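Residues per chain are reported as follows:
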Amino acid sequence: MSSLTVTGVTKSFGATRAVDDVTLHVRHGSFTTVLGPSGCGKTTLLRLIAGFLVPESGSIAFGDTVVAGDGTRPMPPQTRRVGYVPQEGALFPHLDVAANIAFGLEKSARGSDRTDDRVAEMLDLVELPADFRHRRPDELSGGQQQRVALARSLAPQPALVLLDEPFSSLDASLRGSTSRAVRRALEASNTTAVLVTHDQNEALSLADEVAVMRAGRLVQSATPSQVYLSPSDPEVAEFVGRAVVLPGTASRARATCALGEVVLTEPAEGEVALMIRPEQVYVDLTHDDGVRGAVEEVSYYGHDCAVQVRLDDGTSVLSRMSGVRHPSPGDIVHLRVTGLVRAYRPAAP
Ligand SMILES: Nc1ncnc2c1ncn2[C@@H]1O[C@H](COP(=O)(O)OP(=O)(O)OP(=O)(O)O)[C@@H](O)[C@H]1O
């Protein structure tokens, strides 16, 4: 196992720069999710790391070993010791679970007690019952198949595991339980891992670090809470969650906007764009303390609800509040901002 360092890597297909000068460091034993919209270059980055593609510039290193770039001959995928878990269909349908897991182990070891032990260890690691070893892939659910695919990738003790949207074919509840099991297995085996996804919840909830990509470029790489609470620009803010972006005027640690005075994460001066998360907008149903508005729409989700409010000055603001007690369309409410707000230089006209 090792760390991963991608330095200034670029890869084009014809006129399309799929990966554009990307620099990324993944610590040994840590889990990074690469998050971005469809077509932003996530899979291409993963394929470059795996060795299925060669960068046209920049370099890739596992620990101190350069595997591509820097004038070295690219190391072929099979010698990089990388485990690759694709979206689905990774398992050999004609082999049972044990044979699938053992597939990546050395030929000489297959069928031995050592292999049997390793298969049992891997099934245990991905939290599947020991007797699943005799089942064929078509006798497993989608989530179980993905756990076996992970077990197979981990069996030969790879330097790095790459996961390409491995839960995207699973339904919502299976997706949550499978992704958490995969996370635990990677942590227990202290494996360095990179997972690509376009699902914000998945990226934030699983990772030590989230790397956000847009149009081939890496626009932010930070912890999930930093990416959520202090996104590098308003576009990232709106990609990793819902955001209320309002024009405001800043003076040192405070700014004024349609929602009144707010406290900033960092001092700023003059015209700014303020990024407020909907759950920071407190809706007061009983007191007239705050900025007045009328409720336009309520979307009720059970655990919470989304409330769209039109302020008296015409600004429309979204709040996310508890579903226990919520207003109805037409109600007059008062809004206040809680917590710190991130200010950005407004985009040039
Ligand atoms: N083999 C290829 N030949 C030509 N263009 C390609 C090739 N592979 C990828 N591209 C292009 O490179 C860009 C990035 O593609 P990539 O598959 O890396 O994006 P992605 O973020 O993984 O998208 P998705 O989430 O939809 O899988 C896209 O514009 C895509 O059309």
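Looking at an unreviewed UniProt entry, one finds the protein chain named ABC transporter ATP-binding protein and attributed to Nocardioides baculatus.

This next bit is on helix H5 (residues 172-188). For H5, with 17 residues, the first-to-last C-alpha span of 24 Å sits near the 24 Å given by 1.5 Å per residue. For H5, every residue scored as buried is listed here: Arg175, Thr178, Ser179, Val182, Ala185 and Leu186. One face of H5 carries all of its buried residues, which in axial projection span an arc of 125 degrees. Remark: Asn190 follows H5 within two positions and exhibits a positive phi of approximately 55 degrees.

With that settled, consider the sheet that holds strand E2 (residues 16-26). In spatial order, the strands read E2-E1-E4-E5; together these 4 strands make up an open sheet with antiparallel pairing. Since the sheet does not close on itself, it has two edges, and those belong to E2 and strand E5 (65-68), each with one partner. Neighbour to neighbour, the strand axes of the sheet diverge by 30 degrees on average, direction disregarded. Looking at chain direction, strand E1 (residues 4-13) and strand E4 (residues 57-62) are connected through 5 bridges and run antiparallel. Of the residues in E4, the one forming a bridge with Leu4 is Phe62.

A word on the site of the ligand. Taken together, Phe13, Thr16, Ala18, Gly36, Ser38, Gly39, Cys40, Gly41, Lys42, Thr43, Thr44 and His198 make up the full set of residues near the ligand. Elements supplying a minimum of two residues to the shell around the ligand: E2 and helix H1 (42-50). Here the shell around the ligand takes 3 residues from H1, the largest share from any one element. A breakdown of the residues in the shell around the ligand according to their chemical character gives 3 nonpolar, 8 polar and 1 charged.

Split into domains, the protein chain comes out as domain 1 (4-238) and domain 2 (242-344). Taking only C-alpha atoms, the centre of domain 1 and the centre of domain 2 are 38 Å apart. With 6 residues of domain 1 at the interface, the matching set in domain 2 holds 7 residues.

A separate point is the environment of Pro247. Here Pro247 shows up in strand E11 (residues 244-257). Every residue in contact with Pro247, bar those within four places of it in the chain, is listed here: Cys257, Ala273 and Pro346.

The rules behind each value
- Residues numbered from 1 in each chain as written.
- Predicted model: local features only at pLDDT ≥ 70, side-chain atom pairs only at ≥ 80, totals over all residues.
- Helix = DSSP H or I, 4+ residues; strand = E, 2+ residues; numbered from the N terminus.
- Expected span 1.5 Å × (residues − 1).
- Buried ≥ 20, exposed ≤ 12 C-beta atoms within 10 Å, placed from the backbone.
- Arc of directions from axis to C-beta.
- Pairing = 2+ DSSP bridges.
- Axes fitted to C-alpha atoms, helices over the stretch in contact; angles between N-to-C directions.
- Near = placed C-beta within 6 Å.
- Nonpolar A, V, L, I, M, F, W, Y, C, P; charged D, E, K, R; others polar.
- Domains from an automatic or database assignment.
- Contact = placed C-beta atoms within 7 Å.

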